[in-house]
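Structural description and commentary
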Amino acid sequence: MSIQIPITEFAPAERVSIEVIQRQAAAVMDSPLRPAAANSTMQLVFILNEQRQIVFASQNWEKLTGVKDCNCLLGQRPGEALQCIHAHEKEAGCGTAEHCRECGAIRAILKSLSGTATFEECRLTRLIHCNSESLDLLVYAAPFMHNNEVYSIFSATDISHQKRRRALERIFFHDIINSAGGLEGLAEVLEESAPHELRGDLSLLKAGLHSMMEEILTQKDLAAAENSELEVHLQPCSSRQLVERSLATLQYHPVAEGRNLILHPRSASVSFVTDGTLLKRILENLIKNALEATPMGSAITAGCDIDGQEIHFWVANTGVMPREVQLQIFERSYSTKGEGRGLGTYSVKLLTEKYLKGHVSFISTVHDGTRFTVTLPLL
């Protein structure tokens, strides 16, 4: 009997049987390796008994508790170990004060002890050397049975820096959008009242400020999209008009200098429902990428086609991407333009697939050049 070998282009693809998996799982669970495994993870792990008391603490809890010997935490509850300001409001300790009703950690632990694994966010304030400190934790609690006793495996990840970053981002975008909007409005007023010989320069200034505003709004939307906070506003849109407006926006962009922007003459003109603002930003991103990949004197072409119940928006240029670029083109931090420039095609994929319910594809060959296509349902 011949044995079929799984096909792979890199790492081995073979798997062992479910019987082997079950035997290995049982051996690991009954071995002294269990604490070692918990200590080897980046997450902070407690194992709690049915009374929510710590019976095991991974060594990395020292980072948050300040306790070098984690055995000193045995018998405590999580809030007590973390020195939560509400942990000792009641004689019974962590989990028993009124504030504890809103504690994500306690909610997750109670659910796990009743048999349900769950994620929660936990916000707490604690006192460290008489100084107040805020913590934001993403916690996960899962039920665990051992020797007919119920336990909770409680793990936590410190997301305080992420929360601070998002708060600072919101403040930054709010302030800079107000400032840029004020400058754009001022440029418009100056253009209307300026001498004729200055109006051309002021028109360019206004266009530059408008482009800057669009860049800021694009980054704001991308930050919101990555945090699942972006709101989609559906409205009727004209397919051909969206492509025309996207090309017109970039006509005087520095990256378009010496290059031609062409609207395909047979581009479809159909009314459909989508978030026109997001789609325009997606198309502009693809057009900018194509311009950057196109040598001086060359052209990029954009258009749209109807195929049944789908509409295809596409941007094409004559360049060819190396195969190693094609394999990584949609990865978040990958870029051909240098360090810190890897969000272009990633953002196109994120916004199209997560928020506009479409998909993105591309071809890049010597014969056909490079062509990116955004496919959306015709709603």
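Below, the structure is looked at part by part. Nothing here was measured: the structure is a model prediction, and the numbers come from that model.

Describing the packing of aromatic side chains
- Enumeration over the complete set of coordinates arrives at nine aromatic pairs.
- Pairing phenylalanine 46 with tryptophan 61 gives two aromatic rings, centres 3.9 Å apart and planes at 5°, and the pair type is stacked. Placement of phenylalanine 46 in strand β1 (residues 44–48) and of tryptophan 61 in the loop between β2 (54–57) and α3 (62–65) is noted, with a sequence separation of 15 residues between them.
- Owing to a relative accessible area of 0%, phenylalanine 46 belongs among the buried residues under this scheme.
- By relative accessible area, tryptophan 61 is classed as buried at 0%.
- For the ring pair phenylalanine 46 and phenylalanine 154, a centre distance of 6.3 Å and an interplane angle of 15° mean the geometry is stacked. Of the two residues, phenylalanine 46 sits in strand β1 while phenylalanine 154 sits in strand β5 (residues 149–158), which places them 108 residues apart along the sequence.
- Grouped by ring-pair contacts, the aromatic residues Phe46, Trp61 and Phe154 constitute a single cluster.
- Cation over ring: lysine 349 sits above phenylalanine 330, and NZ or CZ is 5.1 Å from the ring centre.

Here's the deal with helix α7 (residues 196–226)
- Here α7 spans 46 Å end to end across 31 residues, near enough to the 45 Å set by a 1.5 Å rise per residue.
- The complete set of buried residues in α7 reads Leu202, Leu209, Met213, Glu214, Ile216, Asp221, Leu222, Ala223, Ala224 and Ala225.
- Contacts made by the buried residues of α7 are with α6 (160–193), α9 (276–292) and α11 (344–355).
- Trailing α7 by a residue or two, serine 228 shows a phi angle of about 55°, which is positive.

Regarding the nonpolar core
- In this structure, Phe272, Leu279, Phe313, Val374 and Leu376 are the most contacted members of the largest nonpolar core, which totals 40 residues.
- Residue assignment for this core shows that the elements contributing at least two residues are α7, α8 (239–250), α9, β9 (299–307), β10 (310–317), α11 and β12 (369–377).
- Among the elements that line this core, the one with the most residues is α9, at eight residues.
- If we skip the residues at most four places from it in the chain, leucine 279 touches Leu242, Phe272, Thr274, Phe313, Leu356, Val374 and Leu376.

Looking at the state of the cysteines
- Taken as a whole and judged by the stated rule, the model has zero disulfides.
- Here cysteine 122 stays unpaired: no disulfide links it, and the sulfur of cysteine 103, its closest cysteine neighbor, is 4.1 Å away.
- Here cysteine 304 stays unpaired: no disulfide links it, and the sulfur of cysteine 237, its closest cysteine neighbor, is 12 Å away.
- The class of cysteine 304 is buried, set by a relative accessible area of 0%.

A closer look at the sheet that holds β5
- If you walk across this open sheet you meet the five strands as β2-β1-β5-β4-β3, and the pairing is antiparallel. Here the strands that pair on one side only, and so sit at the sheet edges, are β2 and β3 (118–128). Each neighbouring strand pair of the sheet contributes to a mean axis angle of 30°, computed without reference to strand direction.
- Alignment of β1 against β5, held across five bridges, turns out to be antiparallel. Bridge pairing links isoleucine 47 to isoleucine 153 in β5.

Cut-offs and rules
- Residues numbered from 1 in each chain as written.
- Predicted model: local features only at pLDDT ≥ 70, side-chain atom pairs only at ≥ 80, totals over all residues.
- Heavy atoms only, no water.
- Phe/Tyr/Trp six-rings, centres within 6.5 Å; stacked < 30°, edge-to-face > 60°.
- Helix = DSSP H or I, 4+ residues; strand = E, 2+ residues; numbered from the N terminus.
- Buried < 20%, exposed > 50% of the residue type's maximum accessible area, 1.4 Å probe, protein only.
- Lys NZ or Arg CZ within 6 Å of the ring centre and 35° of its normal.
- Expected span 1.5 Å × (residues − 1).
- Contact = heavy atoms within 4.5 Å.
- Core = buried A, V, L, I, M, F, W, Y, C linked by side-chain atoms within 4.5 Å.
- Disulfide = S-S within 2.5 Å.
- Pairing = 2+ DSSP bridges.
- Axes fitted to C-alpha atoms, helices over the stretch in contact; angles between N-to-C directions.

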